[in-house]
Amino acid sequence: MRTTALVALHVFRDSVRDKVLYSIVAFAVVLMGVSYLIGQLTAGEDLKIIKDLGLAAMSLMGLFIAVFIGIGLIAREIDRRSIYAVLAKPVRRHELLLGKYLGLVGTLFVNLSVMALAYYVVLAYIGTTLSPAALKAAPAPPTDPRLMLAVLMIALELSLVTAVALFWSTFSSSALLSAGFTVALYIAGQFGADLKNFEHVVESPAAGIVGRALYYVLPNFAAFDIKTEVVHALPLPAGYLAMTALYAIVYIAALLVASVMIFARRDFK
Amino acid sequence: MGIAAGVVAIAVLLTTVVGLQMDRERRFPQAEPAQQILYVNSPAVLTRLALSYDALVADLYWIRAIQYYGGTRLSEQGDKSYALLFPLLDLTTSLDPNFNIAYEFGAFFLSEKKPGGPGQSALAIKLLEKGLVARPDRWQYPYDIGFVHYRDGNYKVAAEWFLRAAKTSGARKEGERADMWLEPLAANTLATGGDTRSSRVMYEHLLTSEATWLREDAARRLKKLDAIDRIAELERLTREYERRFGDPPPTWEHLIQVGLLPGIPLDPEGHPYVLNPWWGDVTVSDDSPVWPLPTENPA
Amino acid sequence: MHAIRTEGLTKHYSVGFWRSRPYVALDKLTLEVARGEVFGFLGPNGAGKTTTLKLLMQLIFPTSGRAWILDRPAGDVAMRRRIGYLPENPTFYDNVSAEELLGYFASLFGYRGAERARRVAGLLDEVGLGAERRMQLRKYSKGMIQRVGLAQALINDPEVVFLDEPMSGLDPIGRRDVRDIILRLRDRGATVFFSSHILGDAEAMCSRVGIVAGGTLVASGALAEMVPFRIRGWDLVLAGVMADAAAALSARGAAATLIGDGRYHVVLPATASSEDAVALAKAANAELVSINPVRDTLEDFFLAHVQKSAGRTFD
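Criteria and thresholds
Residues numbered from 1 in each chain as written. Chains lettered and ligands numbered in written order. Predicted model: local features only at pLDDT ≥ 70, side-chain atom pairs only at ≥ 80, totals over all residues. Heavy atoms only, no water. Helix = DSSP H or I, 4+ residues; strand = E, 2+ residues; numbered from the N terminus. Buried < 20%, exposed > 50% of the residue type's maximum accessible area, 1.4 Å probe, protein only. Contact = heavy atoms within 4.5 Å. Areas by Shrake-Rupley, 256 points an atom, 1.4 Å probe, with all protein chains shown as cover. Pairing = 2+ DSSP bridges. Axes fitted to C-alpha atoms, helices over the stretch in contact; angles between N-to-C directions. Buried area = accessible area lost by both parts, 1.4 Å probe. Salt bridge = Lys/Arg side-chain N within 4 Å of Asp/Glu carboxyl O. Polar contact = N/O pair within 3.5 Å; in protein donor to acceptor, adjacent residues only side chain to side chain. Nonpolar A, V, L, I, M, F, W, Y, C, P; charged D, E, K, R; others polar. Phe/Tyr/Trp six-rings, centres within 6.5 Å; stacked < 30°, edge-to-face > 60°. Lys NZ or Arg CZ within 6 Å of the ring centre and 35° of its normal. Core = buried A, V, L, I, M, F, W, Y, C linked by side-chain atoms within 4.5 Å. pLDDT = per-residue confidence, 0-100. Parallel < 35°, antiparallel > 145°, perpendicular 65-115°, else oblique. Left-handed = near helix turned anticlockwise from the far one by under 90°. Expected span 1.5 Å × (residues − 1).

1. As for the overall build of chain C
At step 1: Secondary structure assignment for chain C yields 10 helices and 14 strands.
At step 2: Counting all 315 residues of chain C, 49% fall into the buried class.
At step 3: A sequence separation of at least 24 residues applies to 70% of the contacts in chain C between residues at least 6 apart.
At step 4: Carbon together with sulfur atoms contributes 52% to the accessible area of chain C, which is approximately 14300 Å² in total.

Following this line, the structure appears as structure tokens:
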């Protein structure tokens, strides 16, 4: 337990300072600023567009971060063989893996927080420029605290992506391949609804069943998307959020167990 | 951790995950608000966003269009306006102007009359005209426009479009020679308006469509046409019986006994036709899949 | 107890899709290293040295055979508290400093607070990185990284130290420093197991060596026993030799090579004595700059044994 925490802390320190992450986060912050400009172009709809853009930017940039650090997690470390020195220390392999995951999720959360902060700053500023009438007409206030729910869902979604990336990395020797698989799985997980309805669109019933099975087994990333509900102030049942959070946690647990099993038994070239 | 223990743990967790998802769907069915399907409304924007994956994105929208159509049609409550059907098909065909099946589908289902269908013939024609601009050589698009007009009862206009279709370069292509049946169709439509012969030609053409939906629908409608024709025949027989015996036949057996019928007449789905003993008219049975028959316009 | 012991340690890799024959990286390695020894594990590149070290560190798992360190099976976590390992061409983490890295490793051993800080500072000084301790590792040169590697291998005062090519990437000063550290370790009673393809290092430091080639241990034993230090000849350097005198040298039965500018390198047979050397110089009217005995070296021994197994092909 203590060893896992030590590993997590070290990993956090190492990755949070990573230059690439700085660039990504900076880019996201710039995007927030730009969204303000775009908002100016469409009279009346600024607030919605800025909220949409901000959340989309966080989601997309967060995805890059999750994949990037997820791969850096194990694949890069094995590639560069920096893992040799650590494994010769009194650290069990599973402690190393779990510590890495926790450290990287920590990094992810920190980066998302920075982006979220920039987001709220921009929104607060927009709030001051809107007329009282526009404010009243908007379904939700500019600095709507419920937006944080969307950010939280994004954070959970990306933790799951990181776990997927970690899983791929434990047995794939190529960092690039792992990244590719993770992104592919993410995209597939976004089209869950289409997978579910596969049987209505294809000829063979077997394909339909496969589609349905895939929908249930593959991680369903689309379910974490509550951007629309939050931006339009639509109702969000607490039960739905709780179940989705539980879904994420259980799936992550499954991936971590699988990763530990593979990691404990593999040779390092 | 032992392999066996690990595998069991993973199996348990994955089962939980699947169970959670199913449960969540049960409790919070996604009403799929319109916003989500059409997050991007404009074809111009979407075409740019799709980068070089237009065809793939077109496929996705096509799947959603069918899903949307099927879902709306089958659902008992909810919005039956099919409001999103045209936009979805519009997006599909903007991304991939050669997406023939999408045009045909749009033509057929958009123009389907209410309450079962959207009844949006104008939009169907708009979609097809877009296709015509993209592919002026294809005879299918002007033909489909004619088909829509035919359904609405504008036989003269329909005939003009059929003729126009016959004159496209695609119609005269070696091997296909669609003009061979398009021209007679045009002539027939002009002459007799909405009769079963023209309709039959058009539905038989639809039997060769790529889309299962369309083929099945065409087959269903052909069965209805068959039923209509058969009913006309049967009514001739009942009138003959009436002429001979003074009253319409009370049951089919009476017709069989006098040799006018070899056996109880069955509709294309195998259900016996229903004889109205008072007036001698024939209808299909209520619980036959062929019911209801189109009353005025056979299409 | 032995510091290190292996028994039939074997590692096969399957190469390629269709080949059924495996690549034998290490074939039934059986050796023992006693406590307090400095053991040189020598061999050409690809001989299986790094494979052996990785097997001992349980970075890879053996196909067959076993290994023990300090009488505990390789991979035992408690035993790892008492050993140190320097991988070949090590890399660490870009965005932390040497101080942070060593602090991290030290904490993994359970060191805390002042004790940890003391160890980290001490080791950084010992390997000569005191000044750059706060700089991020990203900016380190290869030689500096090597020093960091050595430091992290020693952070816990290990009883057994495993070094894979410890001299690689270091300039002569660095190599001398590493040699000194290794000898200091020996003096403290630690066991040092290091691999190298540079034989001069071994000669200077080892008490025992093992020579591996093509995945097999071809020879092992005490250095003194394996390489009889007989004198095979004498190496002379003469200066100020005139052109005509050079011819005379050859006539006297000495092999003479011009080094440049009147200096000649002359080899005399083992039977010659130092007096013969002086006499030769006088006869050539030249100055005797140096005289060195030519001994059998580890290199000769090595080459002889490796040639023998050079016939083996790798799959």
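Next comes the rest of the write-up.
2. Here's the deal with the sheet that holds strand 6 (residues 83–86) of chain C
Residues and elements named next belong to chain C.
At step 1: Spatially, 6-7-8-3-9-10 is the arrangement adopted by the 6 strands of the open sheet, whose pairing is mixed. Of all strands in the sheet, those with a lone pairing partner are strand 6 and strand 10 (216–222), marking the two edges. The sheet shows a mean angle of 15° between the axes of neighbouring strands, direction not considered.
At step 2: Where strand 7 (residues 160–164) and strand 8 (residues 191–196) come together, 5 bridges link them in parallel fashion. Looking at the pairing, Asp-164 lines up with Ser-195 of strand 8.
At step 3: This element, helix 1 (residues 49–56), spans strand 3 (38–42), strand 6, strand 7, strand 8 and strand 9 (208–213) of the sheet and lies at about 145° to strand 7.

3. Regarding the interface of chain C and chain A
At step 1: With 32 residues of chain C at the interface, the matching set in chain A holds 30 residues.
At step 2: Summing both sides of the interface, chain C and chain A together bury roughly 3100 Å²; the carbon and sulfur share of this comes to 53%.
At step 3: Contact with chain A buries surface across chain C, with C:Leu59, C:Tyr93 and C:Leu108 losing the most and accounting together for 21% of the total.
At step 4: The interface formed by chain C and chain A holds 3 salt bridges in total.
At step 5: On inspection of chain C and its partner chain A, the count reaches 19 residue pairs in polar contact (both at pLDDT 80 or more).
At step 6: Counting residues per element, the ones that place at least two in the side of chain C that touches chain A are strand 1 (2–13) and helix 2 (98–109) of chain C.
At step 7: Ranked by residues supplied to the side of chain C that touches chain A, first place goes to helix 2 of chain C with 7 residues.
At step 8: Grouping the amino acids of the side of chain C that touches chain A by side-chain chemistry returns 16 nonpolar, 7 polar and 9 charged.

4. Some words on the sheet that holds strand 2 (residues 23–34) of chain C
Residues and elements named next belong to chain C.
At step 1: Strand order in this open sheet of 4 strands is 2-1-4-5, and the pairing throughout is antiparallel. Of all strands in the sheet, those bounded by a partner on one side alone are strand 2 and strand 5 (72–73).
At step 2: Of the strand pairs in this sheet, strand 1 and strand 4 (residues 64–69) are connected by 5 bridges, and their pairing is antiparallel. Bridging from a neighbouring strand, Thr-10 pairs with Ser-64 of strand 4.

5. Quick word on the packing of aromatic side chains
All names here are of chain B.
At step 1: Within the structure shown, the criterion is met by 25 aromatic pairs over all chains.
At step 2: Taking the centre distance of 5.8 Å and the plane angle of 65° together, the rings of Trp-139 and Tyr-143 count as edge-to-face.
At step 3: The class for Trp-139 is buried, based on a relative accessible area of 4%.
At step 4: Members of the aromatic cluster, connected to one another through ring pairs, are Phe-105, Phe-108, Phe-109, Phe-147 and Tyr-203.
At step 5: Residue placement shows Arg-151 over the ring face of Phe-108; its charged tip is 4.5 Å from the ring centre.

6. Considerations on the nonpolar core
At step 1: Core analysis: the biggest nonpolar cluster contains 174 residues, and A:Leu55, A:Met58, C:Met57, C:Phe92, C:Leu137 and C:Phe162 have the highest contact counts within it.
At step 2: Those residues in contact with A:Leu55 that sit more than four places away from it in its chain are A:Tyr119, A:Leu147, A:Ala150, A:Val151, A:Ile154, A:Lys227 and A:Val231.
At step 3: Core analysis: the second largest hydrophobic core is formed by 54 residues, B:Ala65, B:Tyr68, B:Val148 and B:Ala218 among them.

7. Let's talk about unusual backbone geometry
Residue and element names in this part refer to chain C.
At step 1: Not every positive phi belongs to a glycine, and Gln-58 is a case in point at roughly 60°.
At step 2: Structurally, the position occupied by Gln-58 is in the loop between helix 1 and strand 4.
At step 3: Of note, the phi angle at Asn-89 is positive, near 45°, even though the residue is not glycine.
At step 4: Relative to the helices and strands, Asn-89 resides in the loop between strand 6 and helix 2.
At step 5: Exposure remark for Asn-89: the relative accessible area of 33% places this residue in the partly exposed category.

8. Some words on the confidence of the model for chain B
Residues and elements named next belong to chain B.
At step 1: Chain-level statistics for chain B give a pLDDT mean of 79 and a share of 82% at 70 or above.
At step 2: Here helix 2 (residues 34–37) stands out as the least confident element of chain B, with mean pLDDT 45; strand 1 (residues 274–275) is the most confident, with 88.
At step 3: Note on residues 31–36: pLDDT is under 50 here. Beyond four places in sequence and across chains, it has 6 contacts.

9. Considerations on the side chain of B:His149
Residues and elements named next belong to chain B.
At step 1: Looking at the secondary structure, you find His-149 in helix 8 (residues 140–152).
At step 2: Judged by its relative accessible area of 14%, His-149 falls in the buried class.
At step 3: Setting aside anything within four residues of it in sequence, one finds His-149 in contact with Ile-125, Asn-154, Val-157, Ala-158 and Trp-161.

10. Some thoughts on the environment of A:Thr107
Residue and element names in this part refer to chain A.
At step 1: Turning to its location among the elements, Thr-107 is positioned in helix 5 (residues 93–129).
At step 2: By relative accessible area, which is 0% here, Thr-107 ends up buried.
At step 3: Residues Thr-107 and Arg-13, spaced 94 residues apart in sequence, show a C-alpha to C-alpha distance of 8.4 Å.
At step 4: Residues in contact with Thr-107, not counting those within four places in the same chain, are Phe-12, Ser-15, Val-16, Leu-21 and Ile-69.

11. Quick notes on the pattern of salt bridges
Residues and elements named next belong to chain A.
At step 1: One pass over the full model with this rule turns up 33 salt bridges over all chains.
At step 2: For Lys-100, the salt bridge goes to Glu-77, with nearest N and O atoms at 2.9 Å. In this pair, Lys-100 sits in helix 5 while Glu-77 sits in helix 3 (residues 46–80), placing the two residues 23 residues apart along the sequence. In terms of burial, Lys-100 and Glu-77 fall into one category: buried.

12. Structural notes on the packing of helix 7 (residues 147–171) of chain A against helix 13 (residues 238–265) of chain A
Residue and element names in this part refer to chain A.
At step 1: Packing of helix 7 against helix 13 brings their axes to within 9 Å, and their N-to-C directions diverge by 15°. If you check the angle between helix 7 and helix 13, you find them roughly parallel. The chirality of how helix 7 crosses helix 13 is left-handed. In this structure, helix 7 uses Leu-149, Met-153, Leu-156, Ser-159, Leu-160, Ala-163, Val-164, Leu-166, Phe-167, Thr-170 and Phe-171 to contact helix 13, whose residues at the interface are Leu-241, Thr-244, Ala-245, Ala-248, Tyr-251, Ile-252, Leu-255, Leu-256, Ala-258, Ser-259, Ile-262 and Phe-263.
At step 2: Considered class by class, the residues forming the contact of helix 7 with helix 13 number 19 nonpolar, 4 polar and no charged.

13. Concerning the packing of helix 6 (residues 100–110) of chain B against helix 7 (residues 121–134) of chain B
All names here are of chain B.
At step 1: At a closest axis distance of 8 Å, the pairing of helix 6 and helix 7 adopts a crossing angle of 165°. It follows that helix 6 is roughly antiparallel to helix 7 by the angle criterion. Considering the relative orientation of helix 6 and helix 7, their crossing is left-handed. Here helix 6 contributes Ala-102, Tyr-103, Gly-106, Ala-107 and Leu-110 to the contact with helix 7, which in turn contributes Ser-121, Leu-123, Ala-124, Leu-127, Leu-128, Lys-130 and Gly-131.
At step 2: Among the residues forming the contact of helix 6 with helix 7, the class breakdown is 8 nonpolar, 3 polar and 1 charged.

14. A short note on helix 1 (residues 3–27) of chain B
At step 1: Taking 1.5 Å as the rise per residue, helix 1 of chain B with 25 residues should run 36 Å; its terminal C-alpha atoms sit 36 Å apart, in good agreement.
At step 2: Turning to helix 1 of chain B, its buried residues are B:Gly6, B:Ile10, B:Leu13, B:Val17, B:Val18, B:Leu20, B:Gln21, B:Asp23, B:Arg24 and B:Glu25.

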